[in-house]
Amino acid sequence: RQALRQLDGELDHLCHGWAKTLTKALAHVEAYIDFGEDDNLEEGVLERADSQVRELELALSAHLRDARRGQRLRSGAHVVVAGPANAGKSSLVNLLSRKPVSIVSPEPGTTRDVLEIPVDLAGFPALLSDTAGLREGVGPVEQEGVRRARERLEQADLILAVLDASDLASPSSRNFLDTVVAPAGAESPNESSQRLLLVLNKSDLLPPGGPD
Ligand SMILES: Nc1nc2c(ncn2[C@@H]2O[C@H](COP(=O)(O)OP(=O)(O)OP(=O)(O)O)[C@@H](O)[C@H]2O)c(=O)[nH]1
Ligand SMILES: [Mg+2]
């Protein structure tokens, strides 16, 4: 909420600045039209107004290019929770939304539909999507769930990639690392633009002294 208020205030300030520049440029052009023939008008009035309007044009285009950021702040970033079956995705979604919105069970393949929940993450709105665990060789209903999960991954602003830390060598974990985690890293090698956050869940199941 604080961020939205700041954003509104910032935009207000920007718009006032733009309006002022435009009014001033307009006044100068009008003065030129009315008194251009007279000698009592400053030199270069028209040129100055022209360059001010060009600068304004650049500022407006830059702002419009950046509008997606503002939109994310208003409607919320689309955060997609994905990972192999049974990794604990729905448990994490319930924890973040502070509600038991998604069914959690020890049976792999529990979540099949995409479940969307609006949440407040430290004051920022976000739309959290729980998805079906990515795995092969399943029935048609779960297969459709996996297809929908992959579709959501394409549209995500941020992917929370959940893996079972005690099961990283399994075929489904390795497949997820190869097909989702590694490509996301390659597409944005710059740390600040990365849209995937790796969550190693079930750390309580790791042997206390680390692997043998
Ligand atoms: N030991 C342990 N178990 C966990 C943890 N997080 C979740 N679980 C258990 O793991 C099982 C699967 O959890 P879910 O949250 O349903 O997993 P999921 O990834 O949504 O599973 P699918 O929807 O089937 O893909 C449940 O029995 C959870 O209680 C954890 O941190 N530690
Ligand atoms: Mg689930």
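Residues numbered from 1 in each chain as written. Chains lettered and ligands numbered in written order. Predicted model: local features only at pLDDT ≥ 70, side-chain atom pairs only at ≥ 80, totals over all residues. Heavy atoms only, no water.

Caption draft 1: Region of interest: the pattern of salt bridges. Within the structure shown, the criterion is met by eight salt bridges. One salt bridge connects Arg148 with Asp113, and the closest N-O pair in it is separated by 3.8 Å. Here Arg148, found in helix α5 (residues 140–155), pairs with Asp113, found in the loop between α4 (89–97) and β2 (115–121); they are 35 residues apart in sequence, far enough to count as distant. For Arg148, a relative accessible area of 34% gives the class partly exposed. Among the ionic pairs, Glu151 bridges to Arg147, the shortest N-O distance being 3.1 Å. (Salt bridge = Lys/Arg side-chain N within 4 Å of Asp/Glu carboxyl O. Helix = DSSP H or I, 4+ residues; strand = E, 2+ residues; numbered from the N terminus. Buried < 20%, exposed > 50% of the residue type's maximum accessible area, 1.4 Å probe, protein only.)

Caption draft 2: View of the site of ligand 1. Inspection of the region around ligand 1 gives 20 residues, with Lys89, Ser91, Gly109, Thr110 and Asp204 positioned closest. With respect to ligand 1, the backbone of Ala87 contributes an N or O atom lying 3.1 Å from an oxygen atom. Thr111 places a polar side-chain atom, nitrogen or oxygen, 2.9 Å from an oxygen atom of ligand 1. Bound to the protein, ligand 1 loses 80% of the 650 Å² it would expose on its own. Broken down by element, the shell around ligand 1 gets its largest block of residues, three residues, from α4. When grouped by side-chain class, the residues that make up the shell around ligand 1 number six nonpolar, ten polar and four charged. (Near = heavy atom within 4 Å. Polar contact = N/O pair within 3.5 Å; in protein donor to acceptor, adjacent residues only side chain to side chain. Areas by Shrake-Rupley, 256 points an atom, 1.4 Å probe, with all protein chains shown as cover. Nonpolar A, V, L, I, M, F, W, Y, C, P; charged D, E, K, R; others polar.)

Caption draft 3: Spotlight on α4. What α4 keeps buried is the set Lys89, Ser90, Leu92, Val93, Asn94 and Ser97. Taken from the residues just after α4, Arg98 is the one with a positive phi, measuring 55°.

Caption draft 4: View of the coordination of the magnesium ion (ligand 2). The magnesium ion (ligand 2) binds to the protein through Ser90 (OG) and Thr111 (OG1), with metal-donor distances spanning 2.0 to 2.1 Å. Linking Ser90 in helix α4 with Thr111 in the loop between α4 and β2, this pair joins segments that are 21 residues apart in sequence. Note on accessibility: Ser90 and Thr111 belong to one class, buried. (Donors = N, O, S within 2.8 Å, 3.2 Å for Na, K, Ca; no water.)

Caption draft 5: Highlighting α5. Between the first and last C-alpha of α5 there are 23 Å, a value that for 16 residues agrees with the 22 Å anticipated at 1.5 Å per step. Turning to α5, its buried residues are Glu142, Gly145, Val146, Ala149, Arg152 and Leu153. Looking straight down α5, one finds its buried side chains confined to an arc of 120°; they lie on one side. Away from its buried face by more than 90 degrees, α5 exposes Pro140 and Glu154. (Expected span 1.5 Å × (residues − 1). Arc of directions from axis to C-beta.)

Caption draft 6: Region of interest: the side chain of Lys89. Here Lys89 is to be found in helix α4. Look at Lys89: it is buried, it has no salt bridge, and the nearest opposite charge is Asp130 at 6.0 Å. Setting aside residues up to four positions removed in sequence, Lys89 forms contacts with Val81, Ala82, Gly83, Pro84, Asp130, Thr131, Ala132, Gly133 and Val162. (Lys, Arg positive; Asp, Glu negative; His and termini not counted. Contact = heavy atoms within 4.5 Å.)

Caption draft 7: The sheet that holds strand β5 (residues 196–201), seen in detail. The five strands lie next to each other as β2-β3-β1-β4-β5, forming an open sheet whose pairing is mixed. The open sheet is flanked by β2 and β5, the only strands paired with a single partner. The average undirected angle you get between the axes of adjacent strands in this sheet is 25°. The pairing of strand β1 (residues 77–82) with strand β3 (residues 124–130) spans five bridges and is classified as parallel. Residue pairing in the sheet places Ala77 in a bridge with Ala126 of β3. (Pairing = 2+ DSSP bridges. Axes fitted to C-alpha atoms, helices over the stretch in contact; angles between N-to-C directions.)

Caption draft 8: Structural detail: the side chain of Thr111. With relative accessibility at 13%, the residue Thr111 sits in the buried group. Engagement of the side chain of Thr111 in a polar contact is seen with the side chain of Ser90, the distance being 2.9 Å. Residues contacting Thr111, with those up to four places away along its chain left out, are Ser90, Ser102, Ile103, Asp130, Thr131, Ala132 and Gly133.

Caption draft 9: Region of the structure containing a nonpolar patch on the surface. Taken together, Tyr32, Ile33 and Leu46 make up a surface patch of nonpolar side chains, about 290 Å² in accessible area. Tracing the backbone shows Tyr32 in helix α1 (residues 2–35). (Patch = residues over 30% accessible without salt bridge, like charges linked within 9 Å, V, L, I, M, F, W, Y side chains within 5 Å.)

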